[in-house]
Amino acid sequence: MSHGFETLAIHAGQDPEARTGAVIPPIYQTSTYAQDAVGAPRQGYEYSRSGNPTRDALQECLAALEGGPVGLTFASGLAAEDTLLRTVCKPGDHVVIPDDAYGGTYRLFAKVAERWGLEYTPAKVSDVDAVRAAIRPNTKIVWVETPTNPLLGIADIAALAAVAHEAGALLAVDNTFASPYLQQPIAHGADVVVHSTTKYVGGHSDVVGGALIAADRALGEELRYHQNAMGAVNGPFDAWLTLRGIKTLGVRMDRHCDNAERIAAYLEGHAKVAQVIYPGLPSHPGHEVAAKQMRRFGGMISFRAAGGEEQAVEVCNRTKLFVLAESLGGVESLIEHPGRMTHASAAGSPLEVPADLVRLSVGIETVDDLLADLEQALG
């Protein structure tokens, strides 16, 4: 029997605990487990890096939400990314990456993986031909974000899956901005879904984590081997907090989207805003593709200040409800200047972001209060 998203978010991997009937999965705050005999660990549990029941509950839930057979969780989104790269790639291999990507992802490729011998080429993921042209004979992964961070570009997942597979490469989709509620890349042909669960999945700005969901069980088990061998797992309390956040993901995302749509429309009509970048606006070049593969358009908005960098920074400094902070996807609204904050590591690279750009993570507060805050900040 198939279930809807909200039902899976509340119940997948979360049966009542067998001994007491507790309806919430316990926090198994333990490093090791008593074994029934030499070589006979109870239910397969021997050491919490290798397996922990609280983490397993989260992994099973995320796999169900993304529609893949294997879900794995990590200490951070970057730990998940690193594990994927070192599972699939070896020195001398090549990856196509977005020309607009999270600064930490770019830093991982440019400052860490490249020294290890992994080559990369940035390409505009909204342009299928540009991605195809960037692929080489040694390309192992086509890596996309959709929407991208922070310019909210939209990649056609199905089209890029076909391009990647034709070249013998995997398509990895960072689904952090959309969340599994708004978009399920595996259903469109992706091989691996990547998440920073710190963001919308956890949803409360109180826990850092990452995840990989594999479309193929064999790849998933290979990733699981490397998860254990490399060891960057999340602890049981972090897993429990993330699982608690997931239970309200659907209702939270609906409010994030409601608020973002109102704010995007307001900003589009403001004289001090030169451009609003939001996939839900018909003016967005990726609007039709986003409408095809997303349930709604998300809670992230970027805009370019008509007064340039100085005005962009001033707006970030003047908001009161929009908290000036990095990260995104929590219940509270955040504002940042990507060029000086989350994407400073991309300065001087092909991924450098415009200096006049402001990024909003629209929370679930009363939308009229958020609009009033932006009105006073824009002046």
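What counts and how
- The numbering scheme is per chain: residues are counted from 1 as the chain's sequence reads.
- With pLDDT at 70 or above as the cut-off, local features in this predicted model cover only qualifying residues; side-chain atom pairs require 80 or more to be listed or tallied, and sums for whole chains, interfaces and linings still use all residues.
- To get the side-chain values, all heavy atoms of the structure are used, and hydrogens and water are removed first.
- Strand pairing requires that DSSP identify at least two bridges connecting the strands.
- Counting from the N terminus, the helices are DSSP H or I runs at least four residues long and the strands are E runs at least two residues long.
- Fitted lines through C-alpha atoms give the axes, limited to the stretch in contact for helices. The angle between two N-to-C directions lies from 0 to 180 degrees.
- Every residue pair with non-hydrogen atoms within 4.5 Å of one another is taken to be in contact.
- For salt bridges, the criterion is a side-chain nitrogen of Lys or Arg within 4 Å of an Asp or Glu carboxyl oxygen.
- Each residue gets one of three labels from its accessible area relative to the maximum for its type: buried under 20%, exposed over 50%, partly exposed in between, using a 1.4 Å probe on protein chains only.
- Any residue with an atom within 4 Å of a point lines the site, the site being either a cavity, points on a 1 Å grid over the protein atoms alone where a 1.4 Å probe fits but cannot get out, or a pocket, an open set with protein on both sides within 12 Å along at least 5 of 7 lines.
- Grid points are joined across faces, edges and corners, and a volume is the space filled by probe spheres set on the points.
- In this count, Pro and Cys sit with the nonpolar residues alongside Ala, Val, Leu, Ile, Met, Phe, Trp and Tyr, while Asp, Glu, Lys and Arg are called charged and the others, Gly among them, polar.
- Expected helix span is given by 1.5 Å per residue-to-residue step, counting one fewer step than there are residues.

Colleague: Describe the sheet that holds strand 6 (residues 139–145), and please don't skip the residues or the numbers.
Modeller: Read across the open sheet, the seven strands follow the order 3-9-8-7-6-4-5; overall the sheet is mixed. On the outer flanks of this sheet lie strand 3 (70–74) and strand 5 (119–123), each paired with one strand and no other. Taking each pair of neighbouring strands and ignoring which way they run, the sheet shows an average axis angle of 20°. For strand 3 and strand 9 (residues 210–214), the ladder comprises five bridges, and the chain directions are antiparallel. Note that in strand 9 the partner of Thr73 across the bridge is Ala211. Lying on the sheet, helix 3 (residues 77–88) is in contact with strand 3, strand 4 (94–98), strand 6, strand 7 (170–174), strand 8 (192–196) and strand 9; it crosses strand 6 at an angle near 160°. In the packing of helix 8 (residues 217–230) onto the sheet, contacts are made with strand 3, strand 7, strand 8 and strand 9, and the angle to strand 3 comes to roughly 25°.

Colleague: Describe the pattern of salt bridges, listing the residues and the values that go with them.
Modeller: Taken as a whole, this structure holds 16 salt bridges when the rule is applied. A salt bridge links Lys90 to Asp93; the nearest nitrogen and oxygen atoms lie 3.3 Å apart. The exposure class of Lys90 is partly exposed, given its relative accessible area of 48%. A salt bridge links Asp368 to Arg262; the nearest nitrogen and oxygen atoms lie 3.1 Å apart. With Asp368 in helix 13 (residues 367–378) and Arg262 in helix 10 (residues 249–268), the pair connects residues that are 106 residues apart, well separated along the chain. A relative accessible area of 47% means that Asp368 is categorised as partly exposed. Owing to a relative accessible area of 41%, Arg262 belongs among the partly exposed residues under this scheme. Put simply, Asp254, Asp258, Glu261 and Arg296 are held in one network by salt bridges that share partners.

Colleague: Describe empty space enclosed by the protein, with residues and values.
Modeller: For the structure on display, the rule yields one cavity of 30 Å³ or more. Of the residues belonging to the lining of the largest cavity, the class tally is seven nonpolar, two polar and no charged.

Colleague: Give me helix 3: which residues, what numbers.
Modeller: Here helix 3 spans 17 Å end to end across 12 residues, near enough to the 16 Å set by a 1.5 Å rise per residue. In terms of burial, helix 3 is largely enclosed, as nine of its 12 residues are buried. For helix 3, the complete set of buried residues consists of Gly77, Ala79, Ala80, Glu81, Thr83, Leu84, Leu85, Thr87 and Val88.

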